[in-house]
Amino acid sequence: MSEAVIAQKAKVVDGVTEQFKNAASAVIVDSRGLTVAQDTELRKELREAGVELHVIKNTILRRAADKAGFEGLDDTFAGPTAVAFSNDDVVAPARILAKFAETADALEIKGGLIEGKVASLDQIIDLSKLPDRDGLLSMLLSVLQAPVRNVAYAVKAVADAKSEAEPEA
């Protein structure tokens, strides 16, 4: 192999290494057998959620994962492999891919990374069941509002009780 080709492959490995390091989560899948329409729909859903899906050679993935310090992923880099990277939303790739895999039998989730740690298939499936970021924020907001709302109701009840107890002149 020429030095130019080796240098080009090293650049690709460095790029994938950076994607692994910067990713909030990455889900590794085998999409062999998806129809063109299914693949297009999946990529559209992922893109709308800010997730990048790349089909990458296994040797490049192995080298990039090793370079990024992720051990234990070599078994997932077998057969046709695509990786969904998300830099912002940890849950989005897992949720979208797991939901899509329910209807498309050809899509197989192999494993991935969650916040810089290697994750098994079961952990990815568990992650996919969590609500999205907006859902989690709305849950947090409702939990934070509950005590304030309860105090307001108590003050209103006391005020109503006092106004009922006072005789009108």
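As annotated in an unreviewed UniProt entry, the chain carries the name Large ribosomal subunit protein uL10 and comes from Loigolactobacillus jiayinensis. What UniProt states about the chain under its Function (unreviewed entry) heading is, verbatim, "Forms part of the ribosomal stalk, playing a central role in the interaction of the ribosome with GTP-bound translation factors."

Here we take up the overall build of the chain. Counting secondary structure elements, the chain contains six helices and five strands. Moving toward the C terminus, one meets the helices and strands of the chain in the order α-β-α-β-α-β-α-β-β-α-α. Its C-alpha radius of gyration of 24 Å places the chain more than 25% over the 15 Å reference for a compact globule of 169 residues. Dimensions along the principal axes, computed over C-alpha positions, put the chain at roughly 100 × 30 × 25 Å. Every one of the 169 residues in the chain was classed for burial, and the buried ones make up 34%.

Right, let's get into the pairing of strand E3 (residues 82-86). Among the five residues of E3, five are classified as buried, and the element is accordingly described as predominantly covered. Both faces of E3 are covered, namely the face carrying Ala-82, Ala-84 and Ser-86 and the face carrying Val-83 and Phe-85. Across five bridges, strand E1 (residues 25-30) lies against E3 in antiparallel orientation. For Ala-26, the partnering residue across the bridge sits in E3 and is Phe-85. Bridge analysis of strand E2 (residues 51-55) against E3 gives five bridges, and the strand direction is antiparallel.

What follows concerns a nonpolar patch on the surface. There is a patch of nonpolar side chains on the surface, built from Leu-137, Leu-140 and Leu-144 and spanning about 290 Å² of accessible area. For Leu-140, the position within the fold is in helix H6 (residues 133-165).

Ranked by size, the top nonpolar core spans 25 residues in total, and within it Leu-42 and Leu-97 carry the most contacts. Secondary structure elements with two or more residues in this core: E1, helix H2 (36-48), E2, E3, helix H4 (92-103), strand E4 (108-114) and helix H5 (121-128). The element contributing the most residues to this core is H4, with six residues. Ignoring any residue separated from it by four or fewer positions in sequence, one finds Leu-97 in contact with Val-27, Val-29, Leu-42, Leu-46, Ala-84, Leu-107 and Ile-109. Among the nonpolar cores identified, the runner-up in size contains 18 residues, and Val-16, Ile-60, Ala-65 and Leu-73 belong to it.

Our next topic: helix H3 (residues 58-68). Helical periodicity: at 3.6 residues per turn, an α-helix aligns residues three or four positions apart in one direction. Taken together, the buried positions of H3 are occupied by Asn-58, Ile-60, Leu-61, Ala-64, Ala-65 and Ala-68. For H3, the angular spread of the buried residues around the axis is 155°, confining them to a single face. Those residues of H3 that are exposed and aimed more than 90 degrees away from the buried face are Arg-63 and Lys-67. In this structure, the buried side of H3 is in contact with helix H1 (3-22) and E3. One or two positions beyond H3, positive phi appears at Gly-69, with a value near 90°.

A grouping of Asp-66, Glu-71, Asp-74 and Asp-75 is seen on the molecular surface, where their side chains present a negatively charged patch. Counting through the fold element by element, Asp-75 comes out in the loop between H3 and E3.

The next point concerns H5. Residues of H5 that are buried: Ile-124, Leu-127 and Ser-128. The arc that holds every buried residue of H5, seen down its axis, measures 100°, which confines them to one face. Those residues of H5 that are buried lie in contact with E1, H4, E4 and strand E5 (117-119).

Procedures and definitions
Each chain has its residues counted from 1, running along the sequence as written. Per-residue local features are limited, in this predicted model, to residues with pLDDT of at least 70; the limit for side-chain atom pairs, both in listing and counting, is 80 or more; totals at the level of whole chains, interfaces and linings are taken over all residues. Neither water nor hydrogens contribute to the side-chain values; these are computed over all heavy atoms in the structure. UniProt positions are given in the numbering used here, feature names are shortened, and annotations may be inferred rather than shown by experiment. Only runs of H or I of at least four residues qualify as helices and only runs of E of at least two qualify as strands under DSSP, and these elements are numbered from the N terminus. With the radius of gyration taken over C-alpha atoms, the globule rule is written as 2.2 Å times the number of residues to the power 0.38. Only protein chains enter the calculation, and the probe is 1.4 Å; a residue is then buried if its accessible area is under 20% of its type maximum, exposed if over 50%, and partly exposed in between. What makes two strands pair is DSSP finding at least two bridges between them. Patch building starts from residues that exceed 30% relative accessible area and form no salt bridge, then joins like charges within 9 Å and nonpolar side chains (Val, Leu, Ile, Met, Phe, Trp, Tyr) within 5 Å. Where accessible areas are quoted, they stem from the Shrake-Rupley method and a 1.4 Å probe; at the residue level, only the protein chains shown are allowed to cover. Any carboxyl oxygen of Asp or Glu that lies within 4 Å of a side-chain nitrogen of Lys or Arg is treated as forming a salt bridge with it. Residues enter a nonpolar core if they are buried and are Ala, Val, Leu, Ile, Met, Phe, Trp, Tyr or Cys, with the set joined through side-chain atoms within 4.5 Å. The contact definition used throughout considers only heavy atoms, calling two residues in contact when any of these lie within 4.5 Å. The directions considered for the arc are those from the helix axis to the C-beta atoms. For this count, His and the chain ends are skipped, Lys and Arg are scored as positive, and Asp and Glu as negative. Working definition for charges: the position is that of NZ of Lys, CZ of Arg, CG of Asp or CD of Glu.

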